[in-house]
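Spelled out from the first residue to the last, the chains are:
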Amino acid sequence: MAKYWEIRAFDNFGAPGEADVRTIGRYASAEEALLAAKRHVRESLEEQLPGASSADEMFDRFTNFGEEPVIFEPEGEEDLEFSARTYALEIAEAVFLEASRDD
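About the thresholds
- Residues numbered from 1 in each chain as written.
- Predicted model: local features only at pLDDT ≥ 70, side-chain atom pairs only at ≥ 80, totals over all residues.
- Heavy atoms only, no water.
- Helix = DSSP H or I, 4+ residues; strand = E, 2+ residues; numbered from the N terminus.
- Contact = heavy atoms within 4.5 Å.
- Buried < 20%, exposed > 50% of the residue type's maximum accessible area, 1.4 Å probe, protein only.
- Arc of directions from axis to C-beta.
- Pairing = 2+ DSSP bridges.
- Axes fitted to C-alpha atoms, helices over the stretch in contact; angles between N-to-C directions.

Draft legend 1. Quick peek at the environment of Tyr87. Inspection of the secondary structure assignment puts Tyr87 in helix 3 (residues 84–102). Beyond its immediate sequence surroundings of up to four residues, Tyr87 is in contact with Lys38, Val41 and Phe82.

Draft legend 2. Here's a closer look at helix 2 (residues 55–65). Inspection of helix 2 places Ala55, Met58, Phe59, Phe62 and Thr63 among the buried residues, and these make up the whole buried set. For helix 2, the arc enclosing every buried residue in end-on projection is 140°, short of the 170-degree limit, so these residues lie on one face.

Draft legend 3. Representation of the sheet that holds strand 2 (residues 21–27). Read across the open sheet, the three strands follow the order 2-1-3; overall the sheet is antiparallel. Looking at strand neighbours, the two that pair on one side only are strand 2 and strand 3 (67–72), the edges of this open sheet. Across the sheet, the axes of successive neighbouring strands diverge by a mean angle of 25°, strand direction being ignored. Bridging between strand 1 (residues 5–11) and strand 3 involves six bridges; their strand directions are antiparallel. Residue pairing across strands places Ala9 opposite Pro69, the latter belonging to strand 3. Sitting on the sheet, helix 1 (residues 30–46) is in contact with strand 1, strand 2 and strand 3, with an inclination near 175° to strand 3.

Now the structure itself:
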């Protein structure tokens, strides 16, 4: 079987459990999976905009209500190093400012 990468998103709201996890997709390369995971983090962060009055508040809402994707190789023992929370923190200010300009 060809090697592939899978992304699963963990819901930050509620206790961890199988019901709080959903599969986002499968990707042929680590690069594709990383781009998809980053896109998912951005979308999840943007979903927190309506209740946020600052980038910090939006990030805080993300950590409580957003989804954090994890990238792994199902057929192997290799996970891709990616922290959804760190990436969300890195882009939060830009996402908030972009949304403010669109208003």
